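An overview of the molecular structure
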Amino acid sequence: MNALPCTIYVSFAGAALALLAGARSAQLARVVALVTALTAFGLALWAGAHFTPTNSLQTLVDAPWIAELGVRYHLAADGISMTLMVLTGLAATVGVLFSWNIEERVGEFFALYLALIGGVFGVFLSADGFVLFVFYEIAIVPKYFLIANWGSTNREYGAMKLVLYSFAGSALVMAGLLWAYAASGGVGFGLAELAQAATQFTRFEQLGMFALVFTGFAILAGMFPFHTWAPTGHVAAPTAASMLLAGVVMKLGAYGCLRVAMATFPTGLATFAPVIAWLAIIGIVYAGLIALVQEDFKFVIGYSSVSHMGFVLLGLAAANTVAASGAVLQMFSHGIVAGLLFAVVGRMVYDRTHTRKLADLRAMPLHRLLPFAAVTFVIAGLASMGMPGFSGFPAELTILVGTWKTSPLWALVAATGVLIAAAFTLRAIQVSFFGKTDAAKVERVDLNALEPVEVNRLHPGHHDLPPITWPEKAGAILMIAAMVYLGLNPDALLDWIRPALESPLFRAALTGGAS
């Protein structure tokens, strides 16, 4: 457990070293980034192996920081934190592997990448609201530069939109925390202390504070109607940034909703839960339908990511331990599944074919030209659909069962999202990897719109696409192993998550249905 804070420090130190190494050698910067990510992942796994789940936060570091405001550098962990720490370590490692092809300003790229990872680790360990907010901001800033400098389609627009939405959400969160601090008489920003003080707040104060804090975090979680930054940001981002956005950054928002808003202001949750649930359900169905008609391969995955995050928010809104445990499990599952889908689309396919248009991809026999990519996408697609044996099945099933305990109507309407997910996933698999390759279809593709080197790649007889590299294969295998292991043994994480949700911090919040 005491190794967990080192994940933060290792990530920030690695960022500095990668920047220095990049000035000498791009390959050295890559190695520094990989070693840093592997070290942080190893520390998280080691801590997990020695972790004993309890119904309380286990303090790791607790020292005064800004004494006048009662701010303490307080890091602590429970089963929820452990789950997301392991996810972050895995996503960080795989993201480096899928960024091995970066050639431009490599040191700067990995410095920003690792700084973002350090901020994410910090958020998941923070037991003080002010410290959590600081790490949250640290995680936001590098996203802009990663997308604006190394992104693709409308990268500056996508980067600016993502950051503006993120900062708007941050402003709401800070406003809510400052209001709670003032109303508490200045007890400090410790999450446990604020939750205790909130029991004396008026109903109006609880509702107002909850609305500010939950909405601020939910923006980053992609809640409808604040979701529009997500597909745009995903599409504009380089592959590793897309993987991190879907894999861990959106989880920061959902984690903040659970850890800060719900635990601190349970009266607000009880009042607004139906609104949150219906917004989550709209997001599940609406984003799924949009994904179903997209003609840009990456937009399909971008909107599917929003749809699946809707299940997380629904599980939180259901407000019982079954649904909430499913929501945390879905955070992990979505992190690895969406991350792998973005890796296939962005790195394996787009970087080789230079097109994301499904009409163009349909003319290429990608299942023969890129068989490893095809198999990987099919496996990740099955997991995304909630196929038994993969991580998405126990996660979404647990959410729906828990939601049924609170409202059968919510569960029934949300279940249509599973059917829609199957539809847009199967369509994406068929069109992108197993589309028609007859001559008539090939002739309808606008060859002039593609780079000359790409023209031959549209014809089934040519097999000159660059092969999948070993870093890509290693990253994909790690992700697939995780989703299969979790699909077959979900209790590996649920045994961590359930005790944490039985904490006194969540007792007042998780009262919906039957626990």
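Numbering of residues begins from 1 in every chain and follows the order in which that chain's sequence is written. Owing to the predicted nature of the model, reporting of local features is limited to residues with pLDDT of at least 70; listing and counting of side-chain atom pairs is limited to 80 or more, with chain, interface and lining totals taken over all residues. Think of the side-chain values as coming from all heavy atoms in the structure, minus any hydrogens and water.

Let's shift gears to the overall build of the protein chain. Secondary structure summary: the protein chain contains 23 helices and two strands in total. For 515 residues, the compact-globule formula gives about 24 Å, and the C-alpha radius of gyration of the protein chain, at 22 Å, lands near that figure. Each of the three principal axes of the protein chain carries a C-alpha extent, and together these read 75 × 55 × 40 Å. Here the term buried applies to any residue with accessible area under 20% of the maximum for its type, exposed to any over 50%, and partly exposed to those in between, with areas from a 1.4 Å probe on protein chains only. The buried share of the protein chain, reckoned over its 515 residues, is 62%. Any pair of residues with heavy atoms lying within 4.5 Å of one another is described as a contacting pair. Sequence-distant contacts in the protein chain: of pairs separated by 6 or more residues, those separated by 24 or more amount to 81%. Computed with a 1.4 Å probe, the accessible areas rest on the Shrake-Rupley method; for each residue, only the protein chains presented here act as cover. Accessible surface for the protein chain amounts to roughly 17,500 Å². Of this, 66% is attributable to carbon and sulfur atoms. In this tally Asp and Glu are treated as negative and Lys and Arg as positive; neither His nor the chain ends contributes. Positions of charges follow a simple convention, taking NZ of Lys, CZ of Arg, CG of Asp or CD of Glu. Across the protein chain, the mean location of the 26 positive side-chain charges is 5 Å away from that of the 26 negative side-chain charges. Secondary structure counts use DSSP, requiring at least four H or I residues in a row for a helix and at least two E residues in a row for a strand, with both numbered from the N terminus. C-alpha atoms define the radius of gyration in this analysis, and the globule rule sets the expected value at 2.2 Å times the number of residues to the power 0.38.

With that settled, the discussion passes to helix 21 (residues 470-488). To estimate how far a helix should extend, the number of its residues minus one is multiplied by 1.5 Å. Between its first and last C-alpha, helix 21 extends 27 Å over 19 residues, near the 27 Å set by a 1.5 Å rise per residue. Inspection of helix 21 places Pro-471, Glu-472, Gly-475, Ala-476, Met-479, Ile-480, Ala-482, Met-483, Leu-486 and Gly-487 among the buried residues, and these make up the whole buried set. Buried residues of helix 21 fall within an arc of 165 degrees about the axis and therefore sit on the same side. Along helix 21, the residues that are exposed and aim more than 90 degrees away from the buried face are Trp-470, Ile-477, Tyr-485 and Leu-488. Tucked inside the fold, the buried residues of helix 21 contact helix 3 (79-97), helix 10 (239-264), helix 13 (321-353), helix 16 (371-385), helix 17 (392-406) and helix 22 (491-501). The directions from the helix axis to the C-beta atoms are what the arc is built from.

Turning our attention to the packing of aromatic side chains. Each aromatic ring pair is described using two quantities: the centre-to-centre distance and the angle formed by the ring planes. Working definition: rings of Phe, Tyr and Trp (its six-membered ring) pair if their centres are within 6.5 Å, and the pair is stacked with planes under 30 degrees apart, edge-to-face with planes over 60 apart, and tilted otherwise. On inspection of all chains with the given rule, the structure shows 20 aromatic pairs. Centre to centre, the rings of Phe-224 and Tyr-286 are 5.6 Å apart; their planes meet at 65 degrees, and the pair counts as edge-to-face. In this pair, Phe-224 is assigned in the loop between helix 8 (203-220) and helix 9 (229-236) and Tyr-286 in helix 11 (residues 266-293), connecting sequence segments 62 residues apart. By way of ring pairs, the aromatic residues Trp-65, Phe-130, Tyr-181 and Phe-189 are connected into one cluster.

Turning our attention to the pattern of salt bridges. What makes a salt bridge here is a side-chain nitrogen of Lys or Arg within 4 Å of a carboxyl oxygen of Asp or Glu, nothing more. Under the definition given, this model contains eleven salt bridges. Between Arg-259 and Asp-78 there is a salt bridge; the shortest N-O distance is 2.7 Å. Highlighted residues: Arg-259 in helix 10 and Asp-78 in the loop between strand 2 (71-77) and helix 3, separated in sequence by 181 residues. With respect to class, Arg-259 is no different from Asp-78; both count as buried. For Asp-491, the salt bridge goes to Arg-498, with nearest N and O atoms at 3.3 Å. Judged by relative accessible area, Asp-491 falls into the partly exposed class, the value being 34%. For Arg-498, a relative accessible area of 36% corresponds to the partly exposed category.

Now for the confidence of the model for the protein chain. Looking at the protein chain, the pLDDT average stands at 88 and 94% of residues meet or exceed 70. Note on scores: pLDDT gives the predictor's confidence for each residue, bounded by 0 and 100. Scored below 50 in pLDDT, residues 438-462 shows 36 contacts in the model against residues more than four places distant or in partner chains.

This part is about a nonpolar patch on the surface. Among the surface-exposed residues, Val-141, Phe-145 and Phe-167 lie close enough to one another that they form a single nonpolar patch of about 240 Å² accessible area. As for its placement among the helices and strands, Val-141 is situated in helix 5 (residues 129-150). Within the patch definition used here, like charges are joined within 9 Å and nonpolar side chains (Val, Leu, Ile, Met, Phe, Trp, Tyr) within 5 Å, considering only residues with over 30% relative accessible area and no salt bridge.

Angles here are taken between N-to-C directions and fall from 0 to 180 degrees, while the axes themselves are lines fitted to C-alpha atoms, restricted in helices to the stretch in contact. At a minimum axis separation of 6 Å, helix 17 and helix 18 (residues 408-433) run at an interaxial angle of 155 degrees. In terms of their interaxial angle, helix 17 and helix 18 are classed as roughly antiparallel. Contacts from Glu-396, Leu-400, Thr-403, Trp-404 and Thr-406 of helix 17 reach helix 18 at Pro-408, Trp-410, Ala-411, Leu-412, Ala-414, Ala-415 and Val-418. Any residue that is not Ala, Val, Leu, Ile, Met, Phe, Trp, Tyr, Cys, Pro, Asp, Glu, Lys or Arg is counted as polar, Gly included; the first ten are nonpolar and the last four charged. For the contact of helix 17 with helix 18, a count of residues per class yields nine nonpolar, two polar and one charged. Roughly parallel here means an angle under 35 degrees, roughly antiparallel means over 145, roughly perpendicular means 65 to 115, and every remaining angle is called oblique.

In this section: the side chain of Thr-355. With respect to the helices and strands, the residue Thr-355 is situated in the loop between helix 13 and helix 14 (358-362). Within the structure, the side chain of Thr-355 is placed 3.1 Å from the side chain of Asp-360, a separation counted as a polar contact. We define a polar contact as two N or O atoms separated by no more than 3.5 Å, with the added condition that, inside protein, one atom must be a possible hydrogen donor and the other a possible acceptor, whereas residues neighbouring each other in sequence contribute only through side-chain atom pairs.

Turning to its location among the elements, Thr-7 is positioned in helix 1 (residues 4-22). Classification of Thr-7 by relative accessible area gives buried; the value is 0%. At 2.5 Å, the side chain of Thr-7 and the backbone oxygen of Leu-4 are in polar contact. Those residues within four positions of Thr-7 in sequence are excluded, and the remaining contacts are Ala-40, Leu-43, Ala-44, Met-85, Phe-121 and Leu-125.

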